[in-house]
Protein chains: 2
Amino acid sequence: MLSTMQDVPLTVTRILVHGVQVHGRSQIITWTGEGEPQRRSFAEAGARAVQLANALRDELGVRDDDRVATLMWNNAEHVEAYFAVPAMGAVLHTLNLRLAAEQLAWIVNHAADRVIIVNGSLIPLLAPLLPHLRTVEHLVVSGPGDRAPLAGATARVHEYEDLIAGRPTTYDWPELDERQAAAMCYTSGTTGDPKGVVYSHRSIYLHSMQANMAQSMGLTDRDTSLVVVPQFHVNAWGLPHATFMSGINMLMPDRFLQPAPLAEMIERERPTHAAAVPTIWQGLLTELTARPRDVSSLVQVTIGGAACPPSLMRAFDELGMRVCHAWGMTETSPLGTVARPPAHAVGTDEEFGYRLTQGRFPAGVEARLTGPGGERLPWDGESAGELEVRGPWIAGAYYNGPGAEPLRPDDKFSADGWLKTGDVGTISPDGFLTLTDRAKDVIKSGGEWISSVDLENALMAHPDVAEAAVVAVPDDRWGERPLATVVLKEGADVGFETLRDFLAGEGKIAKWQLPERWTIVESVPKTSVGKFDKKVLRRRYAEGELDVTKF
Amino acid sequence: MLSTMQDVPLTVTRILVHGVQVHGRSQIITWTGEGEPQRRSFAEAGARAVQLANALRDELGVRDDDRVATLMWNNAEHVEAYFAVPAMGAVLHTLNLRLAAEQLAWIVNHAADRVIIVNGSLIPLLAPLLPHLRTVEHLVVSGPGDRAPLAGATARVHEYEDLIAGRPTTYDWPELDERQAAAMCYTSGTTGDPKGVVYSHRSIYLHSMQANMAQSMGLTDRDTSLVVVPQFHVNAWGLPHATFMSGINMLMPDRFLQPAPLAEMIERERPTHAAAVPTIWQGLLTELTARPRDVSSLVQVTIGGAACPPSLMRAFDELGMRVCHAWGMTETSPLGTVARPPAHAVGTDEEFGYRLTQGRFPAGVEARLTGPGGERLPWDGESAGELEVRGPWIAGAYYNGPGAEPLRPDDKFSADGWLKTGDVGTISPDGFLTLTDRAKDVIKSGGEWISSVDLENALMAHPDVAEAAVVAVPDDRWGERPLATVVLKEGADVGFETLRDFLAGEGKIAKWQLPERWTIVESVPKTSVGKFDKKVLRRRYAEGELDVTKF
């Protein structure tokens, strides 16, 4: 039996029109480094987005699902592109300006971008790539920065402001299928080629509603959100869309991401909310300790991308800035969980423990844990398995290039279509996720899993240990066993047996999980983003480069 | 270009599973009139809903989109039916226990209900209907009340608790299309036959997300909602679904809707939110004035169904209970607007004015005003037109009986599929709706509209006027003109010219809108729900029954 409800698609267009019509007074405030920031109302930004859509169609010939890329900081023009491109039926492709040049060129070619909108300050990054870009016909430059390096470009170069000036502020938006592509973003891909996630109008719309639910970020037009998380990183966690849906003001740092200007913009513009990865906040805390400022406006700080150390969370509590963990990834749009403590824990000793988890799943995200043997594990807060998720804003495949079938690698998607997150963790009976390891780093020992992260944290708690990385190495009897790789503090002199006894002490680590292979190294190899590079350690072990003691 | 996102349907099933899994501790508290209320956790209610689904399928033979009706108060068992029936793929049909017996029988036959779940206390209402019900095969009785009147029923009679006892607490829920019917509700229909609105899984899911957005009701698991608005009235404004989505506790009054027990349950259970029509709150205010109680827990009171008089709003403000207007109808699921003042008005003189509007449209509800000549009117806060709305939880047709095409009357739906609400009002530039009249009552005078309600309110402000109703009557020159029908207070003696001058005074009413036809009546005829029955007045005028003075 069919319902009698209207069949109205969920589109980015609708979010744009609503933001302009109903929340026209709300503002995008972009930091300029000196003097007054740029202030642009949603009504103004919306009108400019319409002009941009007209320019892209009439001047640049953008059609249907042509890809329009952005290589930009967080600013009002980037928000304009966020709405103009999907609303006209084309696909916004946000480029990660932190990637290596070679990777960036690969991504632009793979997505077959026809247009790149670039901030003037990023021309030095873009110019050397241009000879390697096969599909880009137009470059649109916005904001300050020397244009000279673009002089030899074969693509046509446009000035953003000139391009949109005088264009109509109306556009007969096409009726779109809500499952149509709206935006795409490539995962940075620590292994293999980067993989493209293509968000639909539907997924963005639903994710925005979710972000604005009181159990989630729960902001309204009385709030101003400091959007530190880059717009090139999973749609800035969905904030530009969520803000237009509810009239939330945005404070955009543009390229001023250093602790001092961030502290200044918080004090001057008094945002009520902020979103960023922990390293940004660590830097801000150091800055605020050295030069105290009034940051009391910030009552909610969403932290994701990595776990926030408890010490940092407590330090911000003392400043009146309440940190709230969220977990997600490019494939999850990204809001997968938000760590609002449950009602019964508020004001009790349990509350802080809940805040340290990755958070609780909303109705839109189904979750399950898969154990070492492929079995489903219970939500008991103890059984650790790989997290798999399902939902209307979760990826079910990757983009495989123009005209090609979507890519569904077995190690990323289950046979029944769930996303394998590659994260290992536990889920409490009330739906709170705690991540304990990455699936590729967990040690699979005799059908059980040992968390490399748990061993590392326990080792690093020893006063003589500077750093410790634990990796899985092959073992004839158990399949895999942990190898402990230890960096001692300068002048420290401690034996492996002492360290093993330390791990076993006070029930920190179960006996069967204790490593029997140990090695001292001068430093742990790191990836470009500063994480332990366990691939390198495993290779060194395999090639006999490490001096391993077994006992 | 297709997105790479998973295609996961938005279903009531998902809300149920989530509520049980993640918010299992949250409670449905049902008032029992004496002693402790019944307390049932979402986990318990969810398990019982699963048992009910098993019973409906295995014992009663409910299949596919069979209609399962409820004739029940607000209580935990009614919530169980809310989830069990749609999740199994059948259609929940909530019956309005305030309707006349004849209308109720008509509705049950039109929907072809196979099962009715009835509260024991409502058997006296149901029993006399039974001989007229053509499709009902099973009656399931829940809660206290004499079963004797059902003795002669041809339908099989079951006890709810016996029926579900011992059934499995798992069910292999079917994969449903999100556009499939989940629930239906008939409009009370002041003219013509009642009309059935059929909600889809999608519309209920999206409406629940909307209700939980911070800009809307914005509740979390720290809240308890006193759900006074009946579950048979537009899904209790979506609260049972919204609460399971976010773990919000429900306080259910069952049949105890009188001011004294409501005041007692507020004081004892300390809900933070309540939802009801103004008349309930008027009664509560009288009760609280006579017998003060601690109602300070109620920080948000959603009022809909009719405008809340400003005096009532102020009185509740003084008690610390903040009233928030919402507007909607059976056809809008019902949340169409919510009157949260915009950020710039908070704490200013404008704030109270915004709170008196019907509220602001969310992103999910598109709105437009259509003038007397079919033209689109601007959102200028002044141009009054008929409100038309569009959105994924707005009806686009009515149910026309088993196997028949949906019904789309021209006076209810525009050619392009928008719902004509039948309400006349203005929309401010920032999207706040103010209703001024019903479309059928507005006076269409020379291509302009005159609000009957404005004239009535202005007349009733005169100290000698007890009641006043204004209706449109035919006029050779202007098409229609207003007829003022006045009830004078006892002993009052005032001429029509004095009243007309009073209307014209201080710019209250524009000169061209002043009535030239006046009549005195002993009382204004009323409908069954206490509203002015303007149909009767128009008929009396047409038949020359009124003594009209024209000047």
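With an unreviewed UniProt entry as reference, chain A is termed Long-chain fatty acid--CoA ligase, source organism Streptomyces similanensis.

> Requested: an account of the relation of the copies chain B and chain A, with residues and values cited.
With an RMSD of 0.1 Å, the operation that places chain B on chain A is a rotation of 180 degrees combined with a shift of 0.0 Å along the axis. Read as a symmetry element, the transformation amounts to a two-fold axis. Relative to the rotation axis, the C-alpha of B:Met213 is the closest in chain B, positioned 1.9 Å from it. The residues that chain B uses at the interface reappear at the interface of chain A in 100% of cases, marking a shared surface.

> Can you lay out the pairing of strand β9 (residues 195–200) of chain A for me, pointing to particular residues and giving the numbers?
Note on strand geometry: in a regular strand, side chains alternate between the two faces of the sheet. Residue and element names in this part refer to chain A. β9 sits mainly inside the fold: five of its six residues count as buried. Here six bridges tie strand β8 (residues 181–187) to β9, and the two strands are oriented antiparallel to one another. Across the sheet, residue Ala 181 finds its bridge partner in β9, namely Ser 200.

> An account of the interface of chain B and chain A is requested, with residue identities and associated values reported.
Taken together, the 79 residues of chain B in the interface contact 79 residues of chain A. Roughly 6,200 Å² is buried in total at the junction of chain B and chain A, and carbon and sulfur atoms are behind 56% of that figure. Of all residues in chain B, B:Met1, B:Met5 and B:Gln6 give up the largest surface area on contact with chain A, accounting jointly for 15% of the area buried on that side. Counting every contact that joins chain B to chain A gives nine salt bridges. Along the contact surface separating chain B from chain A lie 45 residue pairs in polar contact (both at pLDDT 80 or more). Where the side of chain B that touches chain A is concerned, the elements lending two or more residues are α1 (12–22), β8 (181–186), β9 (196–200), α7 (201–212), α9 (239–246) and β19 (385–390) of chain B. For the side of chain B that touches chain A, the element with the highest residue contribution is α7(B), accounting for seven residues.

> I'd like a rundown of the packing of aromatic side chains, residues and numbers included.
Applying the stated criterion to the full structure yields 18 aromatic pairs over all chains. Between the aromatic rings of B:Trp281 and B:Phe316, the centroid separation amounts to 5.9 Å while the plane-to-plane angle is 90 degrees, which identifies the pairing as edge-to-face. One end of the pair, B:Trp281, is in helix α11 (residues 278–290); the other, B:Phe316, is in helix α12 (residues 310–319), and 35 residues separate them in sequence. Note on accessibility: B:Trp281 and B:Phe316 belong to one class, buried. Both rings, one in B:Phe361 and one in B:Trp379, keep their centres 6.3 Å apart while their planes meet at 35 degrees; by these two values the pair is tilted. Here the residue B:Phe361 occupies a position in the loop between β16 (359–360) and β17 (366–370), and B:Trp379 occupies one in the loop between β18 (376–377) and β19, the gap between them amounting to 18 residues. Taking the relative accessible area as the measure of exposure, B:Phe361 reaches 2% and is therefore buried. Accessibility expressed as a relative area gives 17% for B:Trp379, which makes it buried. Among the aromatic residues, ring-to-ring pairing joins A:Phe42, A:Phe83 and A:Phe244 into one connected group. Directly above the aromatic system of A:Tyr398 lies the positively charged group of A:Lys195, at a separation of 5.9 Å from the ring centroid. Across from the ring centre of A:Phe352, 3.9 Å away, lies the NZ or CZ of A:Arg314, which sits over that ring.

> Explain the sheet that holds β8(B) to me, using residue names and the numbers behind them.
All names here are of chain B. Read from one edge of the open sheet, seven strands run β7-β6-β5-β3-β4-β8-β9, paired in mixed fashion. What marks the edges here is a single partner per strand, and that holds for β7 (156–159) and β9. The average undirected angle you get between the axes of adjacent strands in this sheet is 25 degrees. Its contacts with the sheet put helix α4 (residues 101–111) on β3 (67–71), β4 (91–94), β5 (115–119) and β8, and the angle it makes with β8 is roughly 155 degrees. Lying over the sheet, α7 contacts β8 and β9, oriented at roughly 75 degrees with respect to β9.

Reading the values: rules and limits
- Residues numbered from 1 in each chain as written.
- Chains lettered and ligands numbered in written order.
- Predicted model: local features only at pLDDT ≥ 70, side-chain atom pairs only at ≥ 80, totals over all residues.
- Heavy atoms only, no water.
- Least-squares fit on C-alpha atoms with pLDDT ≥ 70 in both.
- Contact = heavy atoms within 4.5 Å.
- Buried < 20%, exposed > 50% of the residue type's maximum accessible area, 1.4 Å probe, protein only.
- Helix = DSSP H or I, 4+ residues; strand = E, 2+ residues; numbered from the N terminus.
- Pairing = 2+ DSSP bridges.
- Buried area = accessible area lost by both parts, 1.4 Å probe.
- Salt bridge = Lys/Arg side-chain N within 4 Å of Asp/Glu carboxyl O.
- Polar contact = N/O pair within 3.5 Å; in protein donor to acceptor, adjacent residues only side chain to side chain.
- Phe/Tyr/Trp six-rings, centres within 6.5 Å; stacked < 30°, edge-to-face > 60°.
- Lys NZ or Arg CZ within 6 Å of the ring centre and 35° of its normal.
- Axes fitted to C-alpha atoms, helices over the stretch in contact; angles between N-to-C directions.

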